Structure formats: C-alpha cells, structure tokens
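Spelled out from the first residue to the last, the chains are:
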Amino acid sequence: MLILTRKPSESITIGDDIKIQVIEIKGKQVRLGIEAPKNYVIHREEVYIRIQEENKLAAEKSPVSLKGITDFFQKKK
C-alpha cells in the first residue's frame, strides 16, 4: 500500500486519467474529489461490499444454473 500525506487542495494522480484531490479536512473526516472517466465505477467500500453480497445472493437464488445451460446446449448438438 502506498501511503501519502496531502493537504487540502493537493491531489494525487493515478495513471493519465484519474485525479484524487483533498477537498477538505474536518476533524477525523476527509472529503475527497475524484476525477475519472465515466467508464470507471467508483463506490465507497461499504457500498461495494454490499453490491458484491447482493450479487452473490442473486446468483445463488438463480433458477438457471450454468451447468443446466451447458447441458442444454450439449444436448442440441
């Protein structure tokens, strides 16, 4: 993990197209601004984890299994 120290209005860049800027520091909270192309999906970690959990549950509850689809197409040959 890379650890950097930044002050308000200072930023870091990732590659050629991502910029993260410290907007404000208040007590124990830091506000960050993120500039990235629209094709990057950016979530807070707790939201990302929840999405992953929901996707896993949805896949487990799916009435169609990958094996069932594979078997279906193999029988058609």
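This section reports on the structure supplied with the text.

The rules behind the values
- The residue count restarts for each chain, going from 1 along the sequence in the order it is written.
- Only residues with pLDDT of at least 70 get local features here, since the model is predicted, and only at 80 or more are side-chain atom pairs given and counted; chain-wide, interface and lining totals rely on the full set of residues.
- Just so you know, side-chain values use all the structure's heavy atoms and leave hydrogens and water out.
- In the sections that follow, a salt bridge refers to a side-chain nitrogen of Lys or Arg positioned within 4 Å of a carboxyl oxygen of Asp or Glu.
- To sort residues, take the accessible area from a 1.4 Å probe on protein chains only and compare it with the maximum for the residue type: under 20% means buried, over 50% means exposed, and anything in between is partly exposed.
- Only strands that DSSP links by at least two bridges are regarded as paired with each other.
- The helix and strand labels rest on DSSP assignments: H or I over at least four residues marks a helix, E over at least two residues marks a strand, and numbering proceeds from the N terminus.
- Only C-alpha atoms enter the line fits that serve as axes; for helices the fit covers just the stretch in contact. Angles between N-to-C directions range over 0 to 180 degrees.
- Each patch is built from salt-bridge-free residues with over 30% relative accessible area, joining like charges within 9 Å and nonpolar side chains (Val, Leu, Ile, Met, Phe, Trp, Tyr) within 5 Å.
- Using the Shrake-Rupley algorithm and a 1.4 Å probe, accessible areas are obtained, with residue cover drawn only from the displayed protein chains.
- Only heavy atoms enter the contact rule, under which two residues are in contact if any of them lie within 4.5 Å.

## With respect to the pattern of salt bridges
- This model, assessed by the stated rule, comprises five salt bridges.
- In this structure, the salt-bridge partner of Arg-31 is Glu-24, at a minimum N-O distance of 3.5 Å.
- The salt bridge involving Arg-44 is made with Glu-46; its shortest N-O contact spans 2.7 Å.
- On the basis of relative accessible area, Arg-44 is assigned to the exposed category, the value being 56%.
- One salt-bridge network, held together by shared partners, links Glu-24, Lys-26 and Arg-31.

## So, the sheet that holds strand E1 (residues 11-14)
- Here we have three strands laid out as an open sheet, ordered E1-E2-E3, and antiparallel in their pairing. In this open sheet, the two edge strands, each paired with only one partner strand, are E1 and strand E3 (29-35). Geometrically, the sheet is characterised by an average inter-axis angle of 25° between neighbouring strands, direction not taken into account.
- Examined bridge by bridge, strand E2 (residues 18-26) and E3 share seven bridges and lie antiparallel to one another.

## Describing unusual backbone geometry
- Even without being glycine, Ser-9 reaches a positive phi, approximately 80°.
- With respect to the helices, strands and loops of the structure, Ser-9 is situated in the segment before E1.

## So, a nonpolar patch on the surface
- On the surface, a cluster of nonpolar side chains totalling about 550 Å² of accessible area is made up of Ile-25, Val-30, Leu-32, Ile-34, Tyr-40 and Ile-42.
- Broken down by element, the residue count for the nonpolar patch peaks at three residues, all from E3.
- Structurally, Ile-34 is set in strand E3.

## Focus: the environment of Val-22
- Position of Val-22 relative to the elements: it lies in strand E2.
- Take Val-22: its relative accessible area is 9%, and that puts it in the buried class.
- For Val-22, the contacting residues outside a window of four places in its chain are Arg-6, Lys-7, Pro-8, Ser-9, Glu-10, Val-30, Arg-31 and Leu-32.

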